[in-house]
Amino acid sequence: MPTPDTFWSYFGATVTYLAVLAIPGGLVGRASGLRGWALAGLAPLLSYTVTGLAGPWLALAGVSYNPLTVAGVTAVLAGIGFGLRKLGQSRGWIKSDAEEPPTKWHPRAHYAVAACVALAVGISILVVLSARGGTTAVFQRWDTVFHANGIRYIAESGDGSLTGMGTINWYPDGSFYPNAYHLVGSLVYSISGTTIPVTLNAITMPVAGIFALAMVALIRQLGGRAVFAGCTALVAAAATTGAYESVSSGLLPFALGIVLTPLAVVALARFLARPGLDTGYVLALTAVGLLAAHSSALFGALLFAFPLVVQRWYRALRHKPLDGVPEGRGGLRIIGGDVVKMVPVMLASGLLAAPHILGALKFTSGSYPYYAWGSELPVVKSLGLLVTFRQVLSAPQVWLTVLLAIGVLSLFRLGRMRWIGLAALGFSALFVLVASFGAEPWVVSLSRPWWNDRYRLMALAAIPLCLLAGHGMAELQRWFAKWASGRSWVKNRPALPARLGLATAVFVVAASAVLTKGFYTESNAHAVSFLYYNGPEGEVTPPVSADELAAMNELTKMNIGPNEKVLNERFDGTAWLYAITGIHPVAGHYDPGVPPPDAKYLALHFRDYDTDPEVQAAVQRLGIKHVLIGSTPIKIGEPPAPGLRDLDGLNFLRKDFSNPGATIYTLTR
């Protein structure tokens, strides 16, 4: 049963999550030569890499996944990074600081940007805290039950394999799913001692703050202005389509993949500036981390980073200066060298991620059905949604649209980061294709890594669009600073010009906060609230109701055995039974695709228990002694399965508990 929604329960779980994000990845990154904003930005992704590798490889070795074994894997990966860097240094292969950002920031600039990131984290936490529904704060959307059950399964079983957590629903063999999100969640759950709902909330709260940090790391690595970095951090925390919209739909690992995607550019830029064993190692770990977080994240990162490579190669062919390339080297030689140097990185990534790659190949060739969404919005509407940063909300984020327009019009001022415009164009085109022509077979095939889902493609497009909007906000500061510097009252005060940049930056941030009503905190909270209600608050009863939670709590008093499953209806809140109590349900996910044969048969025929030997055999195989029936379906208007309707009065069942929304029966023979 979820604990009360108290400050200390959420505080403890959130602090634990932030520690899990910082420590494993921070140690590996530091040992591999990362420093400054690159280390701060890549640490969360590298922590997901550590856990994403630890779970599957420990399972193959027959070793339990837990905080202690994760610490061991962290030490191994950090040791490898340290050894590779020392080897490069001893052989003279490392040119000191060649991979570091090409421009310097004043110490005050670092502090100011850090303050913006801290504010973005605070905004993100406030948005999620404001959106919660009720004291139990149970997530209500489709896939959240799978993630909740998966986190508890890993923590309780120590099985970090890529199929194990799927056995809660697809028994006995499970189903493939990249599980770095759940592996990190299991550590938070185990260390903090909170419940699964609190754990999920804690992992979700800083999601837009991680997005802001990743954006800052990217801009810093590529030599962007500190004002640009700080403004983009705040835009990332304000844009609904960046992180919040995916969260509101229950796409939790996908949202994680989106906010980590910009970090691929950080690792790639460092490697291109100084190809080496250490920078290649970090790039390989970055790729594996994205794949482990969500399969589509690596595809998205490749697409996002490709315009940077295109710009680099274009400059090479025009004989322009490039990071890490001696003057006078031919363009074709540079391009060929980049490709050749990437081969060992790709091979290393493939070897490290072999369980993920093989599992994905087996899954895609299996029987699990693929359903295309087939969106057919008018093109004008698709473009309107894109530039106003919203789909689930009715009100556009007008001021972000204004900043985006300024950013696009001043694209030339981005210099070495003008490739962002190409990334924005490509991702926007992909979104419009899926949103407006999603039923076309070739569009379905093109967008399959994102399940042909316009909401996922919008989140991907939001990455470069947020960068452009942040650039627009930074250009406003530049214009204000230039205007103010020409005023006589500024010229007549010697101390003012030196402080003008900070003053105008503070003014732009403050004005943006006022115009956007606190960086759209209230509207984003409304969007995230759909996660807790499965629809607009007050109009939809949550599928996991208080009555069903009370019934689950009652089951914990009935001495349910470890090998016993409780028969339940697939589409109501009882699918959360394992996540809430640790008791195994027959249906552990709302998803009806490829259910276990016994679960499917019982859903259709359980009422015939007295006369159907196959029902009796299925009950015996699953060890069923109790039945839990809820009342509120995840699919509005969905009737209960035929075999689980009207169970009152059947002579083989005894009603042991009942409230207005849930009933527990016990088999009497």
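Look a little higher up for the structure.
Residues numbered from 1 in each chain as written. Predicted model: local features only at pLDDT ≥ 70, side-chain atom pairs only at ≥ 80, totals over all residues. Heavy atoms only, no water.

Draft legend 1. Quick look at the pattern of salt bridges. The final tally for this structure, using the stated rule, is 15 salt bridges. The salt bridge involving Arg-274 is made with Glu-99; its shortest N-O contact spans 2.8 Å. Here the residue Arg-274 occupies a position in the loop between helix 12 (263-273) and helix 13 (277-293), and Glu-99 occupies one in the loop between helix 3 (67-90) and helix 4 (107-131), the gap between them amounting to 175 residues. Glu-99 shares its class with Arg-274; the two are buried. Here the salt bridges do not stand alone but share partners, grouping Arg-85, Glu-99, Glu-100, Arg-270, Arg-274 and Asp-278 into one network. (Salt bridge = Lys/Arg side-chain N within 4 Å of Asp/Glu carboxyl O. Helix = DSSP H or I, 4+ residues; strand = E, 2+ residues; numbered from the N terminus. Buried < 20%, exposed > 50% of the residue type's maximum accessible area, 1.4 Å probe, protein only.)

Draft legend 2. Representation of the side chain of His-356. Mapped onto the elements of the fold, His-356 is located in helix 16 (residues 354-364). On the accessibility criterion, His-356 (3% relative accessible area) is buried. Setting aside anything within four residues of it in sequence, one finds His-356 in contact with Gly-52, Pro-56, Leu-162, Phe-176, Leu-291 and Ala-292. (Contact = heavy atoms within 4.5 Å.)

Draft legend 3. Focus on the sheet that holds strand 2 (residues 584-585). Across the sheet, which stays open at both edges, the five strands sit in the order 2-1-3-5-4 with mixed pairing between neighbours. With partners counted over all chains shown, the strands left at the sheet margins are strand 2 and strand 4 (653-659), one partner each. Pairing of strand 3 (residues 626-629) with strand 5 (residues 662-667) involves four bridges; the strand directions are antiparallel. Following the sheet pairing, His-626 is matched in strand 5 by Thr-666. (Pairing = 2+ DSSP bridges.)

Draft legend 4. Region of interest: helix 25 (residues 546-555). Within helix 25 the residues assigned to the buried category are Glu-548, Leu-549, Ala-551, Met-552 and Leu-555. Projected down its long axis, helix 25 shows its buried positions confined to an angular sector of 160 degrees, all on one face. (Arc of directions from axis to C-beta.)

Draft legend 5. Spatial organisation of the packing of helix 2 (residues 36-60) against helix 6 (residues 180-192). Two elements in contact, helix 2 and helix 6, have axes whose closest approach is 8 Å; the angle formed by their N-to-C orientations is 95 degrees. The orientation of helix 2 with respect to helix 6, classified from their angle, is roughly perpendicular. Counted together, Tyr-48, Thr-51, Gly-52, Gly-55 and Pro-56 of helix 2 and Ala-180, Tyr-181, Leu-183, Val-184 and Leu-187 of helix 6 form the full contact between these two elements. Among the residues forming the contact of helix 2 with helix 6, the class breakdown is seven nonpolar, three polar and no charged. (Axes fitted to C-alpha atoms, helices over the stretch in contact; angles between N-to-C directions. Parallel < 35°, antiparallel > 145°, perpendicular 65-115°, else oblique. Nonpolar A, V, L, I, M, F, W, Y, C, P; charged D, E, K, R; others polar.)

Draft legend 6. Summary view of the pairing of strand 3. Burial along strand 3 is two-sided: His-626 and Leu-628 facing one way and Val-627 and Ile-629 facing the other are all buried. Alignment of strand 1 (residues 565-568) against strand 3, held across two bridges, turns out to be parallel. If you follow Leu-567 over to strand 3, its bridge partner there is Val-627.

Draft legend 7. Just unusual backbone geometry, in detail. The omega angle of the peptide bond from Tyr-171 to Pro-172 is 5 degrees, so this bond is cis rather than trans. Take Pro-172: it is sitting in the loop between helix 5 (144-157) and helix 6. The phi torsion at Asn-452 lies on the positive side, around 55 degrees, for a residue other than glycine. Among the secondary structure elements, Asn-452 is positioned in the loop between helix 20 (441-446) and helix 21 (454-485).

Draft legend 8. Focus on the environment of Leu-351. Among the structural elements, Leu-351 can be located in helix 15 (residues 331-352). Between the C-alpha atoms of Leu-351 and Val-288, which are 63 residues apart in sequence, the distance is 9.7 Å.

Draft legend 9. Structural detail: helix 8 (residues 207-221). Along its 15 residues, helix 8 runs 21 Å from first to last C-alpha, staying within 8% of the 21 Å computed at 1.5 Å per residue. In terms of residue burial, helix 8 counts as a mostly covered element, since 15 of its 15 residues are buried. Looking one or two places after helix 8, you find Gly-223, whose phi comes out positive at around 85 degrees. (Expected span 1.5 Å × (residues − 1).)

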